Structure formats: C-alpha cells, structure tokens
Amino acid sequence: MPPAGAPTPLPLPRRRLQRYLFACFFGVSALGVLAASGYAAQVMRTLYHERMREDLRVRALLLEREAKHLVEAGDAGAVDRFCKEHGLAAGTRITIIRPDGLVLGDSEEEPARMDNHAQRPEVLEALQGRDGASVRFSNTVHTDHFYLAHPVLAENRPLFVLRVSMTLSSVEQALGDFYTKVTAGALLAMLLAGLLSLFLARRISRPLEHIQACADRISSGDLSIRCTLQDTEEFA
C-alpha cells in the first residue's frame, strides 16, 4: 500500500498507440525498401539487355561485308559454312535469312531443317530497314536467346537479314547474383527499419499514453494523481 497522501500509482500504459505507430513506420519503410529494390533490379536487367544488344550489333556490322559478298554470289553452301565457322569462332549464333523468310545459313542447324523465319519479330522489324531485337525461347536450340536482326541493304532494300544471337544463361547468372545481393541488402535494410520504427514508436507513444492514462483517471474523478513526464515539466 502506498503511504497516506502519496499519489495513486498509474496502471501500465496501453500499447495500442505504440503498435499502431510501429506498424505505420515499419510499413512505410518496408514499402520504400521493396520499391527501391525492385527498381534497381529492373534497371540492372535493362542495362544488361542494352549492353548485349550493342555487343551483338557490333558483331553483325563486322560480319556484314563478307556475308553480303557471299549472298550476292549465290553460293548457299558457302553462306552456311560462313555462319558455322564464324559462329563457332565468336561464340555467337549466326543466321542469314532472305526477305521471304527462307534461311540461307545457320551456325547451329542445317538451313533445310529450319522453319521459315519471315514472322519472327526481330526479322519483321529488320525488314522495315532497321535493327530488330527480341528476347525469346529458341525452338531450334531449346534455350532462351537475345536476338538482334540487322538488315543488309542493296539499292536501299533489304537483300537479306543478318541475325546474331546469344544465350541468356550468362546474363541470367549475373542477374541472379545481383538479385541475391539486392535481396540480402533489402532484408538487412528492413531489419534496421524495424528496429528504428520500434524505437521511434516507443519514444513517441510512451508520453502520449501516459498522458492519456492521467486524463482517464482524472475524468473518472481521481484527483489525487500527479502526471509527470520524464525530461519535461510536471503536470498536475
């Protein structure tokens, strides 16, 4: 029992406000971390694809002159040998396609066994006179590839399409490593955000809950209490 005349002790402050503040602080922080992580992952994927596109474009330009000479000579066997030899040396799949979609040469497959390529999205774009690109699954080699189709012109019209492509396995591996690091960083950031949110919630809610408890006791008719806040002026 407290001594006579001593202020009546207050009950423990309620925690609803603290939980609410913690949920708000942590929710906002977590959403920010997740949004930043997702954006970073998307930017990195875009950068990798742009870098691969430019690399493939350079390779196509290096092959263009010799490929054009062989196609104009009309030697289909030489065109196919050109694709296979240079494809093996460069580690790049090379395909030469006529404007009607017929495959003249390919570094991975015999042209006679390949489907007509006229409706391939990158080929359709190249036949409009500009480089076309697409990322999709190859039914010939059964892997995901990044394709770049470069139009080779004669008299301002596509003579053929020189398509170069690379498997996405190396890119996906690099992106996988990056995603792992981003995920680990996001989890660490969320842990720190949770700790900071808990600290702020306690810091803000304790005096408010204490004041609320005082107000509740006074409104119930108990005028013997004294409401004091640490590091603040005393309230009666």
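Residues numbered from 1 in each chain as written. Predicted model: local features only at pLDDT ≥ 70, side-chain atom pairs only at ≥ 80, totals over all residues. Heavy atoms only, no water.

### A short note on the overall build of the protein
Check the secondary structure of the protein and you find four helices and five strands. Walking the protein from its N terminus toward its C terminus, one meets helices and strands in the order α-α-β-β-α-β-β-β-α. Looking at the protein as a whole, 33% of its 236 residues are labelled buried. With the model as given, the accessible surface of the protein reaches about 14700 Å², and the carbon-plus-sulfur share is 59%. (Helix = DSSP H or I, 4+ residues; strand = E, 2+ residues; numbered from the N terminus. Buried < 20%, exposed > 50% of the residue type's maximum accessible area, 1.4 Å probe, protein only. Areas by Shrake-Rupley, 256 points an atom, 1.4 Å probe, with all protein chains shown as cover.)

### Quick word on the side chain of His49
You can see His49 is positioned in helix H1 (residues 16-73). The residues contacting His49, other than those within four sequence positions of it, are Val135, Phe146 and Leu168. (Contact = heavy atoms within 4.5 Å.)

### Focus: helix H2 (residues 76-90)
In this model H2 runs 21 Å from its N-terminal to its C-terminal C-alpha over 15 residues, within 8% of the 21 Å that 1.5 Å per residue would give. For H2, the side-chain oxygen to backbone nitrogen distance between the N-cap and Gly77 is 3.2 Å, and the N-cap itself is Asp75. Gly91 occupies a position one or two residues after H2 and carries a positive phi of about 65 degrees. (Expected span 1.5 Å × (residues − 1). Polar contact = N/O pair within 3.5 Å; in protein donor to acceptor, adjacent residues only side chain to side chain.)

### Quick notes on the confidence of the model for the protein
A residue-level look at the protein finds 83% of positions with pLDDT of 70 or above and a mean pLDDT of 82. In the model, residues 4-13 has pLDDT below 50 throughout and makes 14 contacts with residues more than four positions away in sequence or in other chains. Note that pLDDT drops below 50 for residues 232-236; the model gives that stretch eight contacts with residues more than four away or on any other chain. (pLDDT = per-residue confidence, 0-100.)

### Topic: the sheet that holds strand S3 (residues 132-137)
In spatial order, the strands read S2-S1-S5-S4-S3; together these five strands make up an open sheet with antiparallel pairing. With one partner strand each, in any of the chains shown, strand S2 (103-106) and S3 form the two edges of the open sheet. Averaged over all adjacent pairs, the angle separating strand axes in this sheet is 20 degrees, with direction ignored. Strand direction decides the pairing type here: strand S1 (residues 93-97) and S2, joined by three bridges, are antiparallel. Note that in S2 the partner of Thr95 across the bridge is Asp106. (Pairing = 2+ DSSP bridges. Axes fitted to C-alpha atoms, helices over the stretch in contact; angles between N-to-C directions.)

### With respect to the nonpolar core
Within the largest apolar cluster, 22 residues are counted, with the highest numbers of intra-cluster contacts made by Leu56, Phe82, Ile96, Phe160, Leu162 and Val164. Those elements giving two or more residues to this core turn out to be H1, H2, S1, strand S4 (144-154) and strand S5 (157-167). If near-sequence neighbours (up to four positions away) are discounted, Leu56 is found in contact with Thr92, Phe146, Leu148, Val164, Ser165 and Met166. (Core = buried A, V, L, I, M, F, W, Y, C linked by side-chain atoms within 4.5 Å.)

### Overview of unusual backbone geometry
In this model, Glu155 sits at a positive phi of 55 degrees, which is unusual for a non-glycine residue. One can find Glu155 in the loop between S4 and S5. One non-glycine residue, Asn156, lies in the positive phi region at around 65 degrees. Mapped onto the elements, Asn156 comes out in the loop between S4 and S5.

### A closer look at the side chain of His117
Turning to its location among the elements, His117 is positioned in the loop between S2 and helix H3 (121-126). If we ignore the near neighbours within four places in the chain, the residues touching His117 are Ile97, Gly101, Val103, Val123 and Arg163.

### Here's the deal with the pattern of salt bridges
Scanning the model with the defined rule gives ten salt bridges in all. Across the pair Asp80 and Lys84 runs a salt bridge whose closest N-O atoms are separated by 2.9 Å. Within this pair, Asp80 and its partner Lys84 are both found in helix H2, separated by four residues, close to a single helical turn. With a shortest N-O distance of 2.6 Å, Asp100 and Arg98 are connected by a salt bridge. Its relative accessible area of 41% is what places Asp100 among the partly exposed residues. (Salt bridge = Lys/Arg side-chain N within 4 Å of Asp/Glu carboxyl O.)

### Describing a nonpolar patch on the surface
Residues Leu188, Leu191, Leu192 and Leu195 make up a contiguous nonpolar surface patch of about 410 Å² in total accessible area. For Leu188, the location among the structural elements is in helix H4 (residues 169-219). (Patch = residues over 30% accessible without salt bridge, like charges linked within 9 Å, V, L, I, M, F, W, Y side chains within 5 Å.)

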